[in-house]
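# Fold and geometry: a report
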Amino acid sequence: MIDGFVAGKSVTLTKDIKNQKKEFIEKTCTSCKGAGKWINSFNEEDVRECFGCGSAGKVLIGLNVNDERGKPVWERFTKGTVGTIKKTLVTGKFNSYTKPDVNNIEVFVEVGERSFHTKISNLELKE
Ligand SMILES: [Zn+2]
């Protein structure tokens with residue numbers, strides 16, 4: 001069920017949601033400093049994908065938007081809204097007994113100029 005929720009896929013919202021408005025800024029990945037690769041410091045031939053950015057070298061950071069009085073700016077998205085996945089983010093810590101599931105993966109979805117974030121359980125993949 002979690003498979004397939006990757007950047008670029010179209011999804012449909014399955015319930016009405018309310019979000020604090022976010023502004024996204026692109027930053028250089030701090031884990032790999034923009035290289036997109038993880039290099040084993042004990043063995044330089046051991047080069048792997050950077051887990052911080054998925055080898056993109058850049059990460060998107062969402063900043064909460066407040067109004068001039070410092071109050072959160074809310075945005076509403078209705079059931080049936082279709083958007084494109086921009087990023088997924090696992091929230092929480094896991095061990096061998098607890099694994100990420102539909103309730104602790106946040107999905108950031110772009111809808112034209114706007115975007116929202118919600119749990120996978122509130123989304124349906126559009127084939
Ligand atoms: Zn990286």
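Here is what the cut-offs are and how they apply
Residues numbered from 1 in each chain as written. Predicted model: local features only at pLDDT ≥ 70, side-chain atom pairs only at ≥ 80, totals over all residues. Helix = DSSP H or I, 4+ residues; strand = E, 2+ residues; numbered from the N terminus. Buried ≥ 20, exposed ≤ 12 C-beta atoms within 10 Å, placed from the backbone. Contact = placed C-beta atoms within 7 Å. Domains from an automatic or database assignment. Nonpolar A, V, L, I, M, F, W, Y, C, P; charged D, E, K, R; others polar. Core = buried A, V, L, I, M, F, W, Y, C linked by C-beta atoms within 7 Å.

What the protein contains, in helices and strands, is zero helices and 11 strands. Ordered by position from the N terminus, the helices and strands of the protein form the series β-β-β-β-β-β-β-β-β-β-β. Burial statistics for the protein: of 127 residues in total, 13% are counted as buried. Excluding contacts between residues fewer than 6 apart, the proportion of contacts in the protein whose partners are at least 24 apart in sequence is 62%.

Domain boundaries assigned for the protein yield domain 1 (1-21 + 65-127) and domain 2 (24-63). Summarising the inter-unit geometry, the C-alpha centres of domain 1 and domain 2 are found 23 Å apart. Residue-level contacts link six residues of domain 1 with four residues of domain 2. Contributing elements (two or more residues each) for the side of domain 1 that touches domain 2: β8 (82-90) and β10 (114-119). Looking at the side of domain 1 that touches domain 2 residue by residue, the class counts come to two nonpolar, two polar and two charged.

Here we take up the nonpolar core. Within the largest apolar cluster, nine residues are counted, these being Val11, Leu13, Phe77, Val107, Phe108, Val109, Phe116, Ile120 and Leu123. When contributions to this core are tallied by element, the ones reaching two or more residues are β1 (10-13) and β9 (105-111). Excluding anything up to four places from it in sequence, Val109 contacts Val11, Gly83, Thr84, Ile85, Lys86, Ser115 and Phe116.

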